[in-house]
Amino acid sequence: MKTDVVVLAAGRGRRMRSQTPKVLLSLAGRPLLEHVLEKARAVSDGAPVVVVGARGEEIRARFARSEVRWAHQPRPLGTGDAVRCALPLLDPAARVLVLYGDVPLIEVATLERLLALVSPDTLALLTARCDRPRGYGRVVRDAQGRVVRIVEERDATPEERSLDEINTGVIAFPPGFLHRHLPQLGCDNAQGEYYLTDLVALALEAGLHVAAEAAADELEWRGVNDRLELHDLERLYQRRLARALLAQGVAVMDVERFDCRGELHCGPDCTIDVGAVFEGKVELGAGVTVGPGCVLRDVRVGDGAVLHAYTVIEGPAEIGPGVQVGPFARIRPGTRLERGSRVGNFVEVKNARLGPGSKANHLAYLGDVEVGAEANIGAGTITCNYDGRTKHATAIGDGAFIGSNTALVAPVRVGEGATVGAGSVITRDVPAGQLAVARARQRNVARRRRRDGEE
Ligand code: UD1
Ligand code: CA
C-alpha cells in the first residue's frame, strides 16, 4: 500500500510569543519542521505534503531546496480543515499519515508500527499514557476498552480530563477515507474549529475499526506549544544524547550541561566538560579533552588533543593529534593546526596552517598565514593581512622565531630559521637564517638635574 504523509504547519503558534513561525524555531539547532520532515520522508512514498498558512512564505523559503509539496490553508480553522487543504494533493489510493509540525521527535520505527496497523477498514491512532496530560486531547474508551473518540481538553468533562491516555496527534488513515469523510467534519466545539480528531468517532460510525498503538517514549510525542515546552523537550533530548555518549564511554561531566546542536562523533575516552556546545559536524578522535565552555562547530579534532576552557572553534577547521588550544582561543574557518602545535590564550587564527610543533602561546592574530614546523610566534604578533581592500598572505618558515609584538605586514615571508626582533614592523621578506630588527633604536639620554628655585 502506498503512503502519503501530510505535515500540519499552518497554525499560528501564538503561545510561543515569537515573530518566527513556530515550526521554524530550533530544537537541537534545527527547525522543528526539519525534524518532522526527516521522519516523514523515511515513511512516505512521494514528497511529504506540508500545509502552511499565513506565514507560509517564510517557511517555504527556508525549505526551498527540500523535496516538499506545499498546500495552503488560508485561515487556521483547525487541524481537520488543514488536512482538507492538502486533499487535492493526496492519492485516494494511498494510506495517509498525518504528522504535526510541532511534534518533532517522533521516531520512524513508531510510524512504521502504526502504518502496519492500517488496512482498508482500519484507522490507526498513536496514543500515550502520561502523568501530565494537560493540553492534549484525551482518548475516551468504552467499558470493553475500545477507543470511542478523542475529546479535546477544552471540550472535555472533568472525568474525561482525568483520563491519562492522550492523543499524540499522529494518525494513519486508510486509502480514500479522508476524501470521503473530511467533508463531514463540523466545528461545533469550544474553539469553533474543525478537529481532525473528530474523525475517530466518524470512522467508528462508518463501521470502521480504530486501532490504537501506544508510544512508549515521552520524547517522541511531546508537542511544542510554548517556550517552556520547547525548552523541556530540548533538555530531554540533550540529556538523552549525553547519556548515550556516557554509555559509549565518553566522560560527559554533567548530562544537564551538555548541548549538541548538530552531529557529534567521539572516539574512546574523550572527556567533555560542562557547558560545551557542539554545532554542525564535530568529530573527536580518541582521548580528546573538551574543556568547560568550549563552542565547537564543523571541526575534526585528532587523538589526544586538548581544547582548554572557552575555546571557540568556527570551522571548517582541523585540529591535529596532541594539539593544545586555549584557554580563550578563537579558531576561525580554514585553520589547520598540525600535530603537537599549540595555540594559547587570546589568540585568533583564521585561514592558517600551523605546522607540527609550532607555537603561538599568547595574544596574537594569525590570518592568511602558513607557518612551518617548530616555529615560535611571540606574544602580540599580528599578521597585518588586510590593506583596506584585499587580503594578503604571510609565510613563516620552519623553526622561525617571531619576537613579541611584531607586525608582519603582508604579503611577506620570513624564511626558515630566521629571527625577528621584538617590536618589529616587518614590511620586507626576511631571508632564511637572518635576524631582522625593524624598530626605532633605543636612545638613553642623560638628563640635567634641576636645582631648587631655578626658573
Ligand atoms: C492537537 C490535537 C490534540 C493532540 C495534540 C498533540 C486536534 C484538534 N488536537 O492539539 O488532540 O493531543 O495536537 O500534540 O487536532 N494546525 C494547522 N492548521 C490549523 C490548526 C493547527 O496547520 O488550523 C497545525 C499546527 O501548526 C500544529 C498542529 O496542526 O503543527 C497542531 O495544532 P495545535 O493547535 O498545536 O493543536 P493542539 O492544541 O496541540
Ligand atoms: Ca500542538
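Not measured: the values here are computed from a predicted model.

Moving on, we get to the site of ligand 1. By nearness alone, 23 residues border ligand 1, and Gln73, Gly78, Thr79, Glu152 and Asn167 come closest of all. Tyr100 has a polar side-chain atom sitting 2.8 Å from an oxygen atom of ligand 1. Here an oxygen atom of ligand 1 and a side-chain polar atom of Asn225 are 3.4 Å apart. Elements supplying a minimum of two residues to the shell around ligand 1: strand S1 (3-9), helix H3 (79-86) and strand S10 (165-173).

Take the pattern of salt bridges next. Pairing between side chains of opposite charge can happen when the charged atoms of each approach one another. Counted by the stated rule, this structure contains 32 salt bridges. Residue Arg84 is joined to Asp81 by a salt bridge in which the shortest nitrogen-to-oxygen separation is 3.4 Å. Highlighted residues: Arg84 and Asp81, both in helix H3, separated by three residues, approximately one helical turn. A salt bridge links Asp164 to Arg129, with the nearest nitrogen and oxygen atoms 3.0 Å apart. On the criterion of sequence distance, the pair formed by Asp164 in the loop between helix H5 (158-161) and S10 and Arg129 in strand S7 (residues 122-129) is long-range, its members being 35 residues apart. Since its relative accessible area comes to 37%, Asp164 is described here as partly exposed. Sharing partners across several salt bridges, the network here consists of Arg235, Asp259, Arg261, Glu279 and Arg297.

Moving on: the nonpolar core. Counting 54 residues, the largest nonpolar core has Leu264, Phe278, Leu284, Leu296, Ile319 and Ile396 as the members making the most contacts within it. Contributions of two or more residues to this core are made by helix H9 (227-247), strand S13 (258-266), strand S15 (276-284), strand S17 (295-301), strand S19 (312-319), strand S23 (342-354), strand S24 (359-371) and strand S30 (412-414). Once residues lying within four places of it in the same chain are set aside, the contact partners of Ile319 are Val299, Arg300, Val301, Gly302, Ala305, Leu307, Ile313, Val325 and Leu337. Counting residues in hydrophobic clusters, the runner-up holds 34 residues, among them Ile171, Leu178, Leu196 and Ala203.

Next up on the list: the environment of Val323. On the secondary structure map, Val323 appears in the loop between S19 and strand S20 (324-325). Take Val323: its relative accessible area is 0%, and that puts it in the buried class. Each C-alpha atom of the pair Val323 and Val140 lies 61 Å from the other, and the pair is 183 residues apart in sequence. Ignoring sequence-local partners within four residues, the contact set of Val323 consists of Ala305, Val306, Leu337, Glu338, Arg339, Gly340 and Ser341.

Before going further, it helps to examine the coordination of the calcium ion (ligand 2). Ideal values for angles at a metal depend on the geometry: 109.5 degrees with four tetrahedral donors, 90 or 180 degrees with six octahedral donors. Protein-derived ligands of the calcium ion (ligand 2) are Asp102 (OD) and Asn225 (OD1), with the metal-ligand distances lying across 2.3 to 2.4 Å. A residue pair is termed long-range when its members are at least 10 positions apart, and Asp102 in the loop between strand S6 (95-100) and helix H4 (108-117) and Asn225 in the loop between helix H8 (218-221) and H9 qualify at 123 residues.

One can describe the packing of helix H1 (residues 32-43) onto H4 by two numbers: an axis separation of 9 Å at closest approach and a directional angle of 45°. When the interaxial angle is binned, H1 and H4 end up oblique. The two elements H1 and H4 cross, and the hand of that crossing is right-handed. Two secondary-structure elements touch here, H1 through Lys39, Ala42 and Val43 and H4 through Val108, Leu111, Glu112 and Leu115. When grouped by side-chain class, the residues that make up the contact of H1 with H4 number five nonpolar, no polar and two charged.

Cut-offs used in this document
Residues numbered from 1 in each chain as written. Chains lettered and ligands numbered in written order. Predicted model: local features only at pLDDT ≥ 70, side-chain atom pairs only at ≥ 80, totals over all residues. Heavy atoms only, no water. Near = heavy atom within 4 Å. Polar contact = N/O pair within 3.5 Å; in protein donor to acceptor, adjacent residues only side chain to side chain. Helix = DSSP H or I, 4+ residues; strand = E, 2+ residues; numbered from the N terminus. Salt bridge = Lys/Arg side-chain N within 4 Å of Asp/Glu carboxyl O. Buried < 20%, exposed > 50% of the residue type's maximum accessible area, 1.4 Å probe, protein only. Core = buried A, V, L, I, M, F, W, Y, C linked by side-chain atoms within 4.5 Å. Contact = heavy atoms within 4.5 Å. Donors = N, O, S within 2.8 Å, 3.2 Å for Na, K, Ca; no water. Axes fitted to C-alpha atoms, helices over the stretch in contact; angles between N-to-C directions. Parallel < 35°, antiparallel > 145°, perpendicular 65-115°, else oblique. Left-handed = near helix turned anticlockwise from the far one by under 90°. Nonpolar A, V, L, I, M, F, W, Y, C, P; charged D, E, K, R; others polar.

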